Amino acid sequence: MPLTTPSSLLPRQPLFLFLLLISQLLSSSHGDVGTATQYSPPYLPTTCFGIDPSQFPSNNLFAAAGDGIWDNGASCGREYLVRCISATVAGSCRPGQTIQVKIVDYALSTTTPPSVSGTTIVLSETAFGNIANSSANSINIEFQQV
């Protein structure tokens, strides 16, 4: 005699698939949230690699680490995916834009300090301009080490 299962015990396919999809979407976000500002040339980082122009990515997507990610200098050379999620000025974020930046310095040692103390990351002008309007003073970001 074949084994049968009452229909009341079978999962409801649409509901099951919906819940599976939601669980996948929620588990795929592993980023942290913080703040970012920008700094301007001249870029003279000395904390990570000394004054070495070869440390800068050719696309100028680099940053200085704030205290929250500095990790006693271990963040030097790390790369992060960064996207703007909100700003002090509405409409400043560039929707759908994510950048990958390389940490080349410590934020508190930059020649042009961040405009907001306690910021998570200080982006080069190029990096900041790729994800937000460059006139924004500070932005809220989602970031993830890669």
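This text gives an overview of the structure that appears in the document. Predicted, not measured: the structure shown is a model, and the values here were computed from it.

## Concerning the pairing of strand β3 (residues 79-87)
Relative to strand β4 (residues 98-106), β3 is paired through five bridges, and the arrangement is antiparallel. Within β4, the position partnered with valine 82 by the bridge is isoleucine 99. Here seven bridges tie β3 to strand β6 (residues 139-145), and the two strands are oriented antiparallel to one another. Note that in β6 the partner of valine 82 across the bridge is phenylalanine 143.

## Section: the environment of valine 122
By the secondary structure assignment, valine 122 is in strand β5 (residues 121-124). Spatially, the C-alpha atoms of valine 122 and tyrosine 106 are 8.8 Å apart, while their sequence positions differ by 16 residues.

## Here we look at the state of the cysteines
Per the stated rule, a full pass over the model turns up two disulfides. What pairs with cysteine 48 in a disulfide is cysteine 76, and their sulfur atoms sit 2.0 Å apart. The chirality of the disulfide connecting cysteine 48 with cysteine 76 is left-handed, given an S-S dihedral of about -75 degrees. Of the two residues, cysteine 48 is situated in the loop between β1 (32-39) and β2 (62-65) and cysteine 76 in the loop between α2 (67-70) and β3; the sequence distance between them amounts to 28 residues. Assessed through its relative accessible area of 18%, cysteine 48 is described here as buried. When its relative accessible area of 22% is taken as the criterion, cysteine 76 is described as partly exposed. The disulfide partner of cysteine 84 is cysteine 93, and the S-S distance across this bridge is 1.9 Å. Judged by the sign of its S-S torsion, about -55 degrees, the bond between cysteine 84 and cysteine 93 is left-handed. Judged on exposure class, the residue cysteine 84 and its partner cysteine 93 are both buried. In the chain, the bonded cysteines, numbered by position in the sequence, are linked as 1-2, 3-4.

Rules used in this analysis
- Residues numbered from 1 in each chain as written.
- Predicted model: local features only at pLDDT ≥ 70, side-chain atom pairs only at ≥ 80, totals over all residues.
- Heavy atoms only, no water.
- Pairing = 2+ DSSP bridges.
- Helix = DSSP H or I, 4+ residues; strand = E, 2+ residues; numbered from the N terminus.
- Disulfide = S-S within 2.5 Å.
- Buried < 20%, exposed > 50% of the residue type's maximum accessible area, 1.4 Å probe, protein only.

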